[in-house]
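# Close look at the chain arrangement
One-letter residues, chain by chain:
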Amino acid sequence: MNLITFDPLRSLGVPGARYIKPEHMNDHRQALADADALLFPEYWQINALAYGLNPRVFPSLPSYHLGHDKIEQTRAFQACCPEATPDTAILGVNSDAIHQVEARFGYPFVVKRVRSSMGEGVRLIRSREALIDHLSSENLLYAQRYLPIERDLRIVVVGRRVLAAYWRESPLGDFRTNVARGGEIRHDPVPASAIELANTLAQRLGIDHAGFDIAMVDDAPMVLEFNRLFGNQGIDSPETSVGEAIIEHLEQDSWRQAA
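Residues numbered from 1 in each chain as written. Predicted model: local features only at pLDDT ≥ 70, side-chain atom pairs only at ≥ 80, totals over all residues. Heavy atoms only, no water.

Right, let's get into the environment of Thr85. Here Thr85 lies in the loop between helix H4 (70-80) and strand S5 (88-92). In this structure Thr85 comes out as buried when scored by relative accessible area, which is 8%. For the pair Thr85 and Val223, spaced 138 residues apart in sequence, the C-alpha separation works out to 5.6 Å. Look past the residues within four positions of Thr85 in its chain and what remains in contact with it is Thr74, Phe77, Gln78, Met222 and Val223. Within the structure, the side chain of Thr85 is placed 2.9 Å from the backbone oxygen of Cys81, a separation counted as a polar contact. (Helix = DSSP H or I, 4+ residues; strand = E, 2+ residues; numbered from the N terminus. Buried < 20%, exposed > 50% of the residue type's maximum accessible area, 1.4 Å probe, protein only. Contact = heavy atoms within 4.5 Å. Polar contact = N/O pair within 3.5 Å; in protein donor to acceptor, adjacent residues only side chain to side chain.)

Another aspect to go through is the sheet that holds strand S8 (residues 140-145). Pairing is antiparallel across the open sheet formed by 4 strands, whose spatial order is S5-S8-S6-S7. Both edges of this open sheet fall to S5 and strand S7 (122-125), since each of them pairs with a single strand only. On average, each strand axis in the sheet is inclined to that of its neighbour by 25 degrees, with strand direction left out of account. For S5 and S8, the ladder comprises 5 bridges, and the chain directions are antiparallel. Bridge pairing in S8 places Ile90 opposite Tyr142. Across the sheet, helix H5 (residues 95-105) touches S5, strand S6 (109-112) and S8, and the angle it forms with S5 is around 170 degrees. (Pairing = 2+ DSSP bridges. Axes fitted to C-alpha atoms, helices over the stretch in contact; angles between N-to-C directions.)

Turning our eyes to something else, we now look at unusual backbone geometry. Put simply, Phe58 and Pro59 share a cis peptide bond, and its omega is -5 degrees. Note on placement: Pro59 falls in the loop between strand S4 (57-58) and helix H3 (61-67). Backbone torsion omega between Tyr107 and Pro108 reads 0 degrees, so that peptide bond is classified as cis. Take Pro108: it is sitting in the loop between H5 and S6.

Attention now goes to the pattern of salt bridges. Two side chains that carry opposite charge are able to pair once their charged atoms sit near each other. Enumeration over the complete set of coordinates arrives at 16 salt bridges. The partner of Arg104 in a salt bridge is Asp87, with the nearest N and O atoms 2.6 Å apart. Here the residue Arg104 occupies a position in helix H5, and Asp87 occupies one in the loop between H4 and S5, the gap between them amounting to 17 residues. Exposure remark for Asp87: the relative accessible area of 29% places this residue in the partly exposed category. Here Arg123 makes a salt bridge to Asp133, at a shortest N to O gap of 3.2 Å. Taken together, the positions of Arg123 in strand S7 and Asp133 in helix H6 (residues 128-135) put the pair 10 residues apart, joining distant regions of the chain. (Salt bridge = Lys/Arg side-chain N within 4 Å of Asp/Glu carboxyl O.)

The biggest cluster of nonpolar side chains holds 23 residues, and the ones touching the most others in it are Leu201, Leu205, Phe212 and Ile214. Listed by contribution, the elements that provide at least two residues to this core are H4, strand S9 (151-158), helix H7 (192-205), strand S12 (209-217) and strand S13 (220-227). Non-local contacts of Leu201, meaning those with residues more than four positions away in its chain, are made with Phe77, Cys80, Cys81, Gly206, Ile207, Phe212 and Val223. (Core = buried A, V, L, I, M, F, W, Y, C linked by side-chain atoms within 4.5 Å.)

On to the packing of H5 against H6, then. Close contact between H5 and H6 brings their axes to 11 Å; oriented N to C, the two are set at 135 degrees. Looking at the two axes, H5 sits oblique to H6. Of the two possible hands of crossing, H5 and H6 adopt the one that is right-handed. Residues Ile98, His99, Val101 and Glu102 of H5 form the contact with H6, whose own contacting residues are Arg128, Leu131, Ile132 and Leu135. In the contact of H5 with H6, the residues fall into 5 nonpolar, 1 polar and 2 charged. (Parallel < 35°, antiparallel > 145°, perpendicular 65-115°, else oblique. Left-handed = near helix turned anticlockwise from the far one by under 90°. Nonpolar A, V, L, I, M, F, W, Y, C, P; charged D, E, K, R; others polar.)

All buried positions along H4 are accounted for by Lys70, Ile71, Gln73, Thr74, Ala76, Phe77 and Cys80. Along its buried surface, H4 packs onto H3, S5, S6, S8, H7 and S13. Two or three places before Ile71, at the opening of H4, Asp69 has a side-chain oxygen 2.8 Å from that residue's backbone nitrogen.

In structure tokens form, the structure reads like this:
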């Protein structure tokens, strides 16, 4: 296949992918238009590439557009699987919003920065003072009911394949399970219902490269979020398996690429 990548590290294991620096894309417009697929553009490139040149982009456009914004992502989850989405409030920043989330959730509850990853901008709010402090630097209030869990699941989907599914345990003194925040990987058995939920969301939404974070609450899976870019710590032989899954996916014509 004629493949061009904008991220050589993410494309390890994909044979023959030609590297072009993102900032040089306009110097290679014809090569980009002729490619079978463009791999791992930066987010700022997406609209120009997808709508200006109209090649196939990997990860898919839904992976970029939904993965970039927790509000749009959560709304998509609520449309697909409302029963598997934690109770979430998305409000403006004002005194009425404070009263609403206090009445709806009580303390504690979780707030998240709309555009963040690796656990950054995620806080457990235990008081009105902490909430006001959080809102002092935010334009929107994204609040979610606190789930009393000590670990969650990371389920990695590439193309149509689940490449890895493992538990992440939160470090002592922190409710976040992110490996970047000190969470530990555990390879205990993973409930089939969690894998099924990740597959359902990926197929319904057209997401083809993601690490889904799923919590088990009373033996039922709840989707917290997905990250378009994820660490490979829990994937066996990551360079080989991820690369093979990407090639396998790109060679299939039936997977939809939504605009």
